[in-house]
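# Close look at the chain arrangement
Below are the chains, spelled out letter by letter.
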Amino acid sequence: MRHLMSPLDFSVEELDKLLDLASDIEANPKKYAHACDGKKLATLFYEPSTRTRLSHEAAMLNLGGSIMGFSSAESSSAAKGESVSDTIRTISCYADICAMRHPKEGAPMVACQHSSIPVINAGDGGHQHPTQTLTDLMTIRSLKGHLGNMTIGLCGDLKFGRTVHSLINALVRYPGMKFVLISPEELRLPGYIRHDVLEKNHVPYEEVVRLEDALPDLDLLYMTRVQKERFFNEEDYVRMKDFYILDAKKMKLAKDDMYVLHPLPRVNEISTEVDDDPRAAYFKQMQYGVYVRMALILTLLEIEV
Ligand code: NCD
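Residues numbered from 1 in each chain as written. Predicted model: local features only at pLDDT ≥ 70, side-chain atom pairs only at ≥ 80, totals over all residues. Heavy atoms only, no water.

Within an unreviewed UniProt entry, the label attached to the protein chain reads Aspartate carbamoyltransferase, and the organism entered is Mordavella massiliensis. Quoted verbatim from the Function (unreviewed entry) field of the UniProt record, the comment on the protein chain reads "Catalyzes the condensation of carbamoyl phosphate and aspartate to form carbamoyl aspartate and inorganic phosphate, the committed step in the de novo pyrimidine nucleotide biosynthesis pathway." Regarding the protein chain, the relevant UniProt record gives this comment under Subunit (unreviewed entry): "Heterododecamer (2C3:3R2) of six catalytic PyrB chains organized as two trimers (C3), and six regulatory PyrI chains organized as three dimers (R2)." (UniProt positions renumbered as here; feature names shortened; annotations may be inferred.)

### A word on helix α11 (residues 282-300)
Here α11 is 19 residues long and its end C-alpha atoms lie 27 Å apart, about the 27 Å a rise of 1.5 Å per residue gives. Following α11 by one or two positions, glutamate 302 has its phi on the positive side, about 55°. (Helix = DSSP H or I, 4+ residues; strand = E, 2+ residues; numbered from the N terminus. Expected span 1.5 Å × (residues − 1).)

### Digging into the UniProt feature "binding site: L-aspartate" (unreviewed entry) in the protein chain
The UniProt record annotates "binding site: L-aspartate" (unreviewed entry) at Lys80, Arg162 and Arg225. Over a stretch of 146 residues, the named residues are scattered through the fold, their C-alpha atoms separated by up to 31.8 Å. Mapped onto the secondary structure, lysine 80 falls in the loop between β2 (66-70) and α3 (84-94). Given a relative accessible area of 74%, lysine 80 falls into the exposed group. Here arginine 225 is to be found in the loop between β8 (220-223) and α9 (234-240). Setting aside chain neighbours within four positions, we find arginine 225 in contact with Asp157, His262, Pro265, Val267 and Glu269. (Buried < 20%, exposed > 50% of the residue type's maximum accessible area, 1.4 Å probe, protein only. Contact = heavy atoms within 4.5 Å.)

### Notes on unusual backbone geometry
The amide bond that connects leucine 264 to the next residue, proline 265, takes the cis arrangement and shows omega of 10°. Note on placement: proline 265 falls in the loop between β9 (259-261) and α11. The backbone of histidine 202 shows a phi angle near 55°, a positive value even though the residue is not glycine. You can see histidine 202 is positioned in the loop between α7 (191-199) and β7 (205-208).

### Some words on the environment of aspartate 247
Looking at where aspartate 247 falls in the secondary structure, it is placed in the loop between α9 and α10 (248-251). Distance from aspartate 247 to leucine 167, taken between C-alpha atoms, is 24 Å for residues 80 residues apart in sequence.

### A word on the nonpolar core
Grouped together as the largest cluster of nonpolar side chains are 61 residues, with contacts concentrated most on Leu137, Ile152, Leu154, Ile168, Leu171 and Phe179. The element that contributes the greatest number of residues to this core is α11, accounting for 10 residues. Counting only domains with at least three residues in this core, you end up with domain 1 (7-128 + 289-300) and domain 2 (130-285). Setting aside its immediate chain neighbours within four residues, isoleucine 152 contacts Ile140, Leu171, Met177, Lys178, Phe179, Val180, Leu218 and Leu220. Ranked by size, the runner-up nonpolar core spans 21 residues in total, among them Ile182, Leu221, Met258 and Ile270. (Core = buried A, V, L, I, M, F, W, Y, C linked by side-chain atoms within 4.5 Å. Domains from an automatic or database assignment.)

### Some thoughts on the sheet that holds β7
Taken in spatial order, the 5 strands of this open sheet run β7-β6-β5-β8-β9, and their pairing is parallel. With one partner strand each, in any of the chains shown, β7 and β9 form the two edges of the open sheet. Between one strand axis and the next, the sheet turns by 20° as a mean value, whatever way the strands run. For strand β6 (residues 177-182) and β7, the ladder comprises 4 bridges, and the chain directions are parallel. Bridge pairing links valine 180 to glutamate 206 in β7. (Pairing = 2+ DSSP bridges. Axes fitted to C-alpha atoms, helices over the stretch in contact; angles between N-to-C directions.)

### Considerations on the site of the ligand
Close contacts around the ligand come from Thr52, Arg101, His129, Gln132, Arg162, Thr163, Arg225, Gln227, Pro263, Leu264 and Pro265, and that covers them all. In the model, an oxygen atom of the ligand is placed 2.7 Å from a nitrogen or oxygen of the threonine 52 side chain. Relative to its free-state accessible area of 320 Å², the ligand is covered by the protein chains to the extent of 94%. When the residues that make up the shell around the ligand are grouped by side-chain class, the tally is 3 nonpolar, 5 polar and 3 charged. (Near = heavy atom within 4 Å. Polar contact = N/O pair within 3.5 Å; in protein donor to acceptor, adjacent residues only side chain to side chain. Areas by Shrake-Rupley, 256 points an atom, 1.4 Å probe, with all protein chains shown as cover. Nonpolar A, V, L, I, M, F, W, Y, C, P; charged D, E, K, R; others polar.)

### Remarks on the packing of helix α6 (residues 162-171) against α7
Following both chains from N to C, one finds α6 and α7 inclined at 15°, their axes separated by 10 Å at the closest point. When the axis of α6 is compared with that of α7, the two are roughly parallel. For α6 against α7, the interelement crossing comes out left-handed. Contact residues: His165, Ile168 and Asn169 in α6; Tyr192, Ile193, Val197 and Leu198 in α7. (Parallel < 35°, antiparallel > 145°, perpendicular 65-115°, else oblique. Left-handed = near helix turned anticlockwise from the far one by under 90°.)

### What about the pattern of salt bridges?
For the coordinates displayed, the defined rule picks out 19 salt bridges. Across the pair lysine 178 and glutamate 206 runs a salt bridge whose closest N-O atoms are separated by 3.6 Å. In this pair, lysine 178 is assigned in strand β6 and glutamate 206 in strand β7, connecting sequence segments 28 residues apart. Glutamate 206 gets classed as partly exposed once you look at its relative accessible area, which sits at 35%. A salt bridge links glutamate 185 to arginine 188; its shortest N-O distance comes to 3.8 Å. On the basis of relative accessibility, which here comes to 27%, the residue arginine 188 falls in the partly exposed class. Connected via shared salt-bridge partners are Glu185, Arg188, Arg194 and Glu207. (Salt bridge = Lys/Arg side-chain N within 4 Å of Asp/Glu carboxyl O.)

Structure, rendered in structure tokens:
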């Protein structure tokens, strides 16, 4: 039985296969409409979510399966003090696969050790968010036609942003990647990722503070929200929250084919005036999230269509 804890749980070949499957689902949705008849997905969300929880649910419904779950710790027995390991033992009796989001790093990993059904990490604290990475890879591949050989700017909260951490882990395995890490000093990418992931894999990167300085060289810009819920005090968040605002004027500095991605939710970091720019890809990105999660559910349940 397989789980998805990190994008590295799949080899590059397996990822390619999964993305091919997601593209086939996009092109032929009817073919997959009953692939999961009789199967159940449980979503165990101990942290807020709109896209990740509902796109997992939409994915299972599109495959003919059914869904159950909770959308906050307060509405589950976690509020009574139940452990993650006891909760997953319970869910294993009810569902065939589950997606778990938790504020504590490593909680889905604990769950998979006590689970008899596949567990998908739907975001664990500031650590990883592998299904967002699958979404991002499908988006990049669909827009650019390939993965690798590009300069990607990652902008915003690189310290707490789990989507960025997972995406870097996945992308360093493709040739010709270069990263520009755009953040204020206090929100720099953690040292363990700079050293153990980028430097160990000999992937070139530079760190800059000003978005304007980076924009002209980028093939792709990945914007992120300052992660309010991971700050220790409100003052620091307030000081950081509007550090970057991508607007139409800044977009003029970028290449004509520099797509803008964002895992969403957006707060102020992308002005709504950018939404109509043909390079704004963040709404398309969330649509891809449904197809990759359909492909992921089929893969983990070992269902072939
Ligand atoms: C991201 C997350 O939860 O980490 N959202 C998402 O799943 N699309 C990004 C964020 O909350 O900023």
